[in-house]
Amino acid sequence: MNRLTLSEQFFRDQASAAASGGLSTVLNRFSLLARMLASEIMRAGFVGKLGYTGTTNVQDEDVRALDVISNDTLLQVFENMPMVCGVASEEMADVHVLPGGESGKYIITVDPLDGSGNVDVAGQMGTIFGVYRRRSAGGKPTLADFLQPGRDLVAAGYVLYGPCTMLVYSAGGPVNAFTLDRSIGTFFLTHPDIKIPEGEGSYSVNEANEAKWDDRTKAMVRAFRTQQTRCGKRSARYAGALVGDFHRTLLKGGIYMYPGEAKKPEGKLRLLYENAPLAFLCEKAGGAATDGRQRILDIVPTQLHERTPLYLGSAGDVAEVGQMLA
């Protein structure tokens, strides 16, 4: 079977988007990062890279060994790339300026390893990324280069590490998914032009947080649990890794939800590293993504590690959630 490779698709997308040669190079680097991290994850249990480091990150979350490895690998992969001037990572407090990238036209935002808590049980994990054009004219990137709304993304995607390694992305056109053939180290197109189904699928939310939600959120989730929504019956699925839950939603339909809490209305998930890139993909696949009130892609961040609630998936499900929370 003659399947399209990921590198070939990068060049096609670059031509259709009238982008420079730098974009395909940036995306190819994410392919390299995916292959390197897939190898690290597979070997982690054998070489003692499970468990915590005893430190916390900028999010005040306990850091696992693989979190550190993933972030270090990210920086190594993009080091000395003249087309990228800076990186914002969920694992770093501040922007990382890449050496030699003063003239680079792109900046990237990355969650290096989503769901790292699943590593001890061989569960799903992922990498989430976004690519923007810088706003400043040159030199070192500024904070304003990174504080852009998701609607300004040039490209976004994620890598899913599980029974197979998949890279799913869009450069403004269709959402395509590629599966890694580990025997030769190449990604091949397996799911072209993904469209999220309507009227079917599952709902995905951590119902253990119910005691922390306000009354409207409790009633909304209860409606899904008791099959009382107008969008139809939804089974419950929750993997504990955003990438894994979203990937299932993207292919099968339904909705992923991470509500805010009564005492923490901003929720847990980060706008730049998680919500905006996945919202970009969801909309390109015909779905929708909001914080319960407004479109995720229209939110202009005011800080690097800003958080928002997240509801994304089939457009009908997301619209109904908005009505129930209004």
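Our structure is the block above this text.
What counts, and at which threshold
Residues numbered from 1 in each chain as written. Predicted model: local features only at pLDDT ≥ 70, side-chain atom pairs only at ≥ 80, totals over all residues. Heavy atoms only, no water. Pairing = 2+ DSSP bridges. Helix = DSSP H or I, 4+ residues; strand = E, 2+ residues; numbered from the N terminus. Contact = heavy atoms within 4.5 Å. Axes fitted to C-alpha atoms, helices over the stretch in contact; angles between N-to-C directions. Buried < 20%, exposed > 50% of the residue type's maximum accessible area, 1.4 Å probe, protein only. Phe/Tyr/Trp six-rings, centres within 6.5 Å; stacked < 30°, edge-to-face > 60°.

## Concerning the sheet that holds strand β4 (residues 96-97)
Alright, step 1. Read across the sheet, eight strands follow the order β4-β3-β5-β6-β7-β8-β9-β10 without closing on themselves; strand pairing throughout is mixed. On the outer flanks of this sheet lie β4 and β10 (186-191), each paired with one strand and no other.
Alright, step 2. Note that strand β3 (residues 84-89) and strand β5 (residues 106-114) share five bridges and pair parallel. Paired with Gly 86 across the two strands is Ile 107, which belongs to β5.
Alright, step 3. Taken strand by strand, helix α3 (residues 65-78) contacts β3, β4 and β5, and its axis lies near 155° from that of β5.
Alright, step 4. Lying on the sheet, helix α7 (residues 271-284) is in contact with β3, β5, β6 (125-133), β7 (155-161) and β8 (165-170); it crosses β6 at an angle near 80°.

## Brief notes about the pairing of β5
Alright, step 1. Counting buried positions along β5 yields nine of nine residues, so the element is predominantly enclosed.
Alright, step 2. Inspection of the sheet shows β5 paired to β6 by seven bridges, in the antiparallel sense. Bridged to Ile 108 within β6 is Val 131.

## A few points about the packing of aromatic side chains
Aromatic ring pairs are reported here in terms of the distance separating the ring centres and the angle at which the planes meet.
Alright, step 1. All chains considered together, the criterion is met by six aromatic pairs.
Alright, step 2. Seen from their ring centres, Phe 30 and Phe 129 are 4.0 Å apart, and the 15° between their planes marks the pair as stacked. Residue Phe 30 is located in helix α2 (residues 21-43), and its partner Phe 129 is located in strand β6; the two are separated by 99 residues in the primary sequence.
Alright, step 3. The exposure class assigned to Phe 129 is buried, which follows from its relative accessible area of 2%.

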